[in-house]
Amino acid sequence: MTTIAAGLSKASEAYHPSTIGTPGKRWEVEEYKTWRDTRSKQRCYHQDLAPRIRALDEIECSQTGRKLFEVVQYGELEHHDGDQPHFPLFAIRSKEWHADKPSCFITGGVHGYETSGVEGALLFLTGGKAALYADKFNILVAPCVSPWGYERIQRWTAKGTDPNRSFNPDGEIVEGRSFNPEAATDESAALIRLLREDMGHVKDWMCHLDLHETTDTDETEFRPAKAARDGIIDNDGEGEIPDGFYLVQDETSPKPEWFKAMIDSVKKVTHIAPADKDGKLIGEKVSQEGVIVIPCKKSLGLCAGVTNAPYRTTTEVYPDSPSATPEQCNEAQVACIEGALEHIIMQEEF
């Protein structure tokens, strides 16, 4: 199995982010440019993803033959690589959107390097599950929010910002907290514009699932990169990466039974991450098996807080586990979506 860690390019290894700039001093324009220019392209959004996304226009209802979804382009992003074409940003939505049905939002590839977030969102659409739930829900899917990160296998945007901290750039910074908001990004601004303008008629979202991964490179590359970028001397050493699937719960909308339903569904596909010796996962409190609790996601700038959905979570798959294949990682994302929607159907009685 080819892991994310194994996918790092020689250029990235030669210019490990921790070696860029002066220790203890924040990066300036030149350091950001050095970082971006040494993150080499390893896969192609235009060839690998864009054609597959455009083809989703053809998904039909098995009973009526009607087209179920439409693909919309909600923006484009600069490529930052010479005269390469811009990245078109796509969303897939229910073709017949009904105000009397609950609306479900699914995002993938907010961190572009987290492959199963992208592939899981696409598998949900192509594997029949989206068609199954289309009569119950209005569905909107943005499968690859950060195409530059997808191509470079990078967590950050081309401008060196974490997109999954960029949805509330005016949020409070709390020293020592694991999650803090960062500056707005073109990626987050485009997604917010999609929700406010193209989808502005949706006043109340029922559900938002933001599909992510936790990888070994979170500790070996991206935490050192953040320390170097922010001028922090990090002497704590590598943290512990959970081996298995887990979910991130917003303390302002706990819904414990919903989280249990998702975990139970994922268990049928892959293993759930056990708590560490301190009873935590990634240093955060565990509320139940495979679920950590963090402050309000909107205040932290997380994508999962971008709507007013009462049912909201961030998924975390571990692709570097020796006990999970890439296919299982993708299927775990779909199983989580399925568990989430099934519980809502039963709970909300529609």
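Values in this document were obtained by computation on a predicted structure and should not be read as measured data.

So, the overall build of the protein
Alright, step 1. Along its length, the protein carries 12 helices and 10 strands.
Alright, step 2. Rg of the C-alpha trace for the protein: 19 Å, near the compact-globule value of 20 Å for 350 residues, within the 12% margin.
Alright, step 3. Considering only C-alpha atoms, the protein reaches an extent of 60 × 50 × 40 Å along its principal axes.
Alright, step 4. When burial is assessed residue by residue, the protein has 55% of its 350 residues classed as buried.
Alright, step 5. Expressed as a percentage of contacts within the protein between residues at least 6 apart in sequence, the contacts between residues at least 24 apart total 75%.

Here we look at the pattern of salt bridges
Alright, step 1. One pass over the structure, following the stated rule, counts 22 salt bridges.
Alright, step 2. For Lys33, the salt bridge goes to Asp37, with nearest N and O atoms at 2.6 Å. You can see Lys33 and its partner Asp37 sitting in helix H2 (residues 29-37), four residues apart, about one turn around the helix.
Alright, step 3. In this structure, the salt-bridge partner of Glu289 is Lys267, at a minimum N-O distance of 2.8 Å. Placement of Glu289 in the loop between strand S8 (284-288) and strand S9 (291-294) and of Lys267 in helix H10 (residues 256-267) is noted, with a sequence separation of 22 residues between them.
Alright, step 4. Its relative accessible area of 45% is what places Glu289 among the partly exposed residues.

Here's the deal with the packing of helix H5 (residues 115-126) against helix H12 (residues 326-348)
Helix-helix packing: each pair is described by the crossing angle between the helix axes and the interaxial distance.
Alright, step 1. Interhelical geometry of H5 versus H12 gives an angle of 55° and a closest axis separation of 8 Å. As the angle between them shows, H5 and H12 are arranged oblique. Relative to H12, the crossing made by H5 is right-handed. Between H5, through Ser116, Gly117, Glu119, Gly120, Leu123 and Phe124, and H12, the contact on the second element is made entirely by Cys329, Asn330, Glu331, Gln333, Val334, Ile337 and Leu341.
Alright, step 2. Taken together, the residues of the contact of H5 with H12 sort by class into six nonpolar, five polar and two charged.

Examining the sheet that holds strand S2 (residues 87-94)
Alright, step 1. Read from one edge of the open sheet, 10 strands run S1-S2-S4-S3-S5-S10-S6-S9-S8-S7, paired in mixed fashion. The open sheet has two edge strands with one neighbour each: strand S1 (69-77) and strand S7 (280-281).
Alright, step 2. Where S8 and S9 come together, two bridges link them in antiparallel fashion. Looking across to S9, one finds that Gln288 is bridged to Val291.
Alright, step 3. Contacting S1, S2, strand S3 (103-108), strand S4 (138-142), strand S5 (207-213) and strand S10 (311-317), H5 runs over the sheet at an angle of about 135° to S5.
Alright, step 4. In this fold helix H8 (residues 186-198) packs onto S1, S2, S3 and S4, with an angle of close to 135° to the strand it touches most, S1.

Quick notes on the packing of aromatic side chains
Here the distance between the centres and the angle between the planes together describe a pair of aromatic rings.
Alright, step 1. For the coordinates displayed, the defined rule picks out 10 aromatic pairs.
Alright, step 2. On the basis of an interplanar angle of 50° and a centroid distance of 5.3 Å, the ring pair of Trp35 and Trp156 is categorised as tilted. Of this pair, Trp35 sits in helix H2 while Trp156 sits in the loop between helix H7 (147-152) and H8, and the two are 121 residues apart along the sequence. The exposure classification of Trp35 matches that of Trp156, with both residues buried.
Alright, step 3. Centroid distance Phe105 to Trp205: 5.5 Å. Interplanar angle 40°. Geometry classified as tilted. In this pair, Phe105 is assigned in strand S3 and Trp205 in the loop between H8 and S5, connecting sequence segments 100 residues apart. Each member of the pair, Phe105 together with Trp205, is buried.

Considerations on the side chain of Ser103
Alright, step 1. Mapped onto the fold, Ser103 is located in strand S3.
Alright, step 2. Given the relative accessible area of 4%, Ser103 is considered buried.
Alright, step 3. At a separation of 3.3 Å, a polar atom in the side chain of Ser103 contacts the side chain of Asn138.
Alright, step 4. Filtering out sequence-adjacent residues up to four positions away, Ser103 remains in contact with Trp97, Asn138, Val202, Trp205, Met206 and Cys207.

Comments concerning the side chain of Glu119
Alright, step 1. As for its placement among the helices and strands, Glu119 is situated in helix H5.
Alright, step 2. With residues up to four places along the chain from it excluded, the contact list for Glu119 reads Leu49, Arg52 and Asn330.

What to know about the environment of Ala225
Alright, step 1. Looking at the secondary structure, you find Ala225 in helix H9 (residues 217-230).
Alright, step 2. By relative accessible area, Ala225 is classed as buried at 1%.
Alright, step 3. For the pair Ala225 and Val317, spaced 92 residues apart in sequence, the C-alpha to C-alpha distance is 22 Å.
Alright, step 4. Those residues in contact with Ala225 that sit more than four places away from it in its chain are Pro17, Trp27 and Trp156.

So, how was this worked out
Residues numbered from 1 in each chain as written. Predicted model: local features only at pLDDT ≥ 70, side-chain atom pairs only at ≥ 80, totals over all residues. Heavy atoms only, no water. Helix = DSSP H or I, 4+ residues; strand = E, 2+ residues; numbered from the N terminus. Rg over C-alpha atoms; globule rule 2.2 N^0.38 Å. Buried < 20%, exposed > 50% of the residue type's maximum accessible area, 1.4 Å probe, protein only. Contact = heavy atoms within 4.5 Å. Salt bridge = Lys/Arg side-chain N within 4 Å of Asp/Glu carboxyl O. Axes fitted to C-alpha atoms, helices over the stretch in contact; angles between N-to-C directions. Parallel < 35°, antiparallel > 145°, perpendicular 65-115°, else oblique. Left-handed = near helix turned anticlockwise from the far one by under 90°. Nonpolar A, V, L, I, M, F, W, Y, C, P; charged D, E, K, R; others polar. Pairing = 2+ DSSP bridges. Phe/Tyr/Trp six-rings, centres within 6.5 Å; stacked < 30°, edge-to-face > 60°. Polar contact = N/O pair within 3.5 Å; in protein donor to acceptor, adjacent residues only side chain to side chain.

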